[in-house]
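# Commentary on secondary and tertiary structure
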Amino acid sequence: MPNRSSTHEYHAPARSHTARVVEDLGLAIVSGRQPIGSLLPGDGDLIERYGVSRTVLREALKTLSAKGLVQAKAGTGTRVSEQSDWNLFDPNLLIWHARIGFTPAFLSHLAEMRLALEPEAAALAAHRRSDAQAAALVGFVERMGREGNSPHDFVQADLDFHLGVAEAAGNPFFLSISTLIEVALVAMLRISSPAEDVERLRFSISEHLAVAQAIEAKDAETARRTMARVVWQGVSVISSMRP
């Protein structure tokens, strides 16, 4: 499984001039500082703002266009697209939303996507998991309940469990949307973590262990049903926040 120990901090530095421009403009659009329907500043202004070449700027705008955030039209310039055109599965967009702070409605939508995806991933994992993957899932649950865990340790163990289920499902599409699972789960845990309450922690660990044991036993229906309960706990927390 890939190491994601720092991914949920959401502040990895940009690694190139193009990435820096993409990130700054992307955050401006997602946050609303660059409103939907507005025109971006002209190429000359952006080149001066970021201190980059025209080639770098064009590559950055192409990247933003591929994410559905902007659309360039000859004679009018580059305009911010309607939100319905944005690729919300794009990892950068999810992370940018996390960095600016989720609204309760956006969190609820993320939680509902988890509810639609993760129970089926658990069922598939029960059919396809290797012995090593089944053992790893039990190990992640044990880490969740380890005495002396910090909040970070609990979040990481819980995250590893859910990503481990996605990997054991043996379907590359689940791995492709693992950032959605990661961002949604970490955001929910930051708002209301079971680690803050002994009874909630015990219940969460017992439910996760039931999922792991069902997958280990190759009991797809129990794995599906129990994972739905696990995810629904998070949906309920987010739903209670909505105005």
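My aim in this report is to walk through the structure given alongside it, one point at a time. (Residues numbered from 1 in each chain as written. Predicted model: local features only at pLDDT ≥ 70, side-chain atom pairs only at ≥ 80, totals over all residues. Heavy atoms only, no water.)

## Quick word on the side chain of threonine 226
Selection criterion: Comment: elements are numbered from the N terminus, with helices defined as DSSP H or I runs of at least four residues and strands as E runs of at least two. Burial status follows relative accessibility: with a 1.4 Å probe on protein chains alone, a residue under 20% of its type maximum counts as buried, one over 50% as exposed, and anything between as partly exposed. Whenever a nitrogen or oxygen atom comes within 3.5 Å of another N or O atom, the pair is scored as a polar contact, on the condition that within protein one atom can donate a hydrogen and the other can accept it, and that pairs from neighbouring residues in sequence are kept only if both atoms are in side chains. Any pair of residues with heavy atoms lying within 4.5 Å of one another is described as a contacting pair.
Within the secondary structure, threonine 226 sits in helix H11 (residues 220-239). Given a relative accessible area of 2%, threonine 226 falls into the buried group. At 2.7 Å, the side chain of threonine 226 and the backbone oxygen of threonine 222 are in polar contact. When sequence neighbours within four positions are dropped, the list of residues in contact with threonine 226 reads Glu207, Ala210 and Val211.

## Some remarks on the pairing of strand S1 (residues 70-73)
Applied cut-off: Between any two strands, pairing holds if DSSP finds at least two bridges.
Examined bridge by bridge, S1 and strand S2 (residues 77-80) share four bridges and lie antiparallel to one another. Each bridged residue has a counterpart across the sheet, and for lysine 73 the counterpart in S2 is glycine 77. Counted along the chain from S1 to the antiparallel partner S2, the turn is three residues long, and its residue glycine 75 has a positive phi close to 90 degrees.

## Quick word on the nonpolar core
Applied cut-off: Only buried residues count toward a nonpolar core, which is a set of Ala, Val, Leu, Ile, Met, Phe, Trp, Tyr and Cys residues joined through side-chain atoms within 4.5 Å.
Ranked by size, the top nonpolar core spans 37 residues in total, and within it Phe161, Val165, Ile215 and Met227 carry the most contacts. Of all the secondary-structure elements, those providing two or more residues to this core are helix H5 (104-128), helix H6 (131-144), helix H7 (151-168), helix H9 (178-191), helix H10 (198-216) and H11. When residues of this core are assigned to their parent elements, the largest contribution, nine residues, is made by H7. Beyond its immediate chain neighbours, meaning those up to four positions away, methionine 227 contacts Glu118, Pro119, Ala122, Phe161, His162, Val165 and Val211. Membership of the second largest hydrophobic core comes to 22 residues, among which are Ile29, Val30, Ile47 and Trp96.

## A short note on the environment of glutamine 213
Among the structural elements, glutamine 213 can be located in helix H10. Residue glutamine 213 is classed as partly exposed on the basis of its relative accessible area of 42%. On a C-alpha basis, the gap between glutamine 213 and valine 138 in space is 7.5 Å, while along the polypeptide they are 75 residues apart.

## Comments concerning unusual backbone geometry
Outside of glycine, negative phi angles account for most residues, and trans bonds account for most peptide bonds. Even without being glycine, lysine 218 reaches a positive phi, approximately 60 degrees. With respect to the secondary-structure elements, lysine 218 resides in the loop between H10 and H11.

## Points about the pattern of salt bridges
Two side chains bearing opposite charge may form a pair once their charged atoms approach each other closely. We count it as follows: Between Lys or Arg on one side and Asp or Glu on the other, a salt bridge is scored when a side-chain nitrogen of the former is within 4 Å of a carboxyl oxygen of the latter.
Going through the model one piece at a time under the given rule, you end up with 11 salt bridges. A salt bridge links arginine 143 to aspartate 160; its shortest N-O distance comes to 3.2 Å. Residue arginine 143 is located in helix H6, and its partner aspartate 160 is located in helix H7; the two are separated by 17 residues in the primary sequence. For arginine 143, a relative accessible area of 23% translates into the label partly exposed. Residue aspartate 160 is classed as buried on the basis of its relative accessible area of 10%.

## Some points on the packing of helix H1 (residues 17-31) against helix H2 (residues 43-50)
For clarity, the threshold we go by: Only the contacting stretch of a helix is used when fitting its axis, a line to C-alpha atoms as for every element, and angles between N-to-C directions run 0 to 180 degrees. Note that the term roughly parallel is reserved for angles under 35 degrees, roughly antiparallel for angles over 145, roughly perpendicular for angles of 65 to 115, and oblique for everything else. Note on convention: near helix rotated counterclockwise from far helix by under a right angle means a left-handed crossing. Clockwise means right-handed.
It is at 11 Å that the axes of H1 and H2 come closest, and there the two elements cross at 110 degrees. The angle between the axes of H1 and H2 places the two elements in the roughly perpendicular class. As H1 packs across H2, the resulting crossing turns out to be right-handed. Contacts from Arg20, Val21, Asp24 and Leu25 of H1 reach H2 at Leu46, Arg49 and Tyr50.

## Side note on the packing of H1 against helix H3 (residues 54-66)
Rules: Under the scheme applied here, ten amino acids are nonpolar (Ala, Val, Leu, Ile, Met, Phe, Trp, Tyr, Cys and Pro), four are charged (Asp, Glu, Lys and Arg), and all others, including Gly, are polar.
Orientation of H1 relative to H3, taken along the N-to-C sense of each, is 50 degrees, at an axis distance of 9 Å. When the axis of H1 is compared with that of H3, the two are oblique. Helix-helix and strand crossings are classified by hand; for H1 and H3 the assignment is right-handed. For the pair formed by H1 and H3, the contact residues are His17, Thr18, Val21, Val22, Leu25 and Gly26 on the first element and Val56, Leu57, Glu59, Ala60, Leu61, Thr63 and Leu64 on the second. Of the residues belonging to the contact of H1 with H3, the class tally is eight nonpolar, four polar and one charged.

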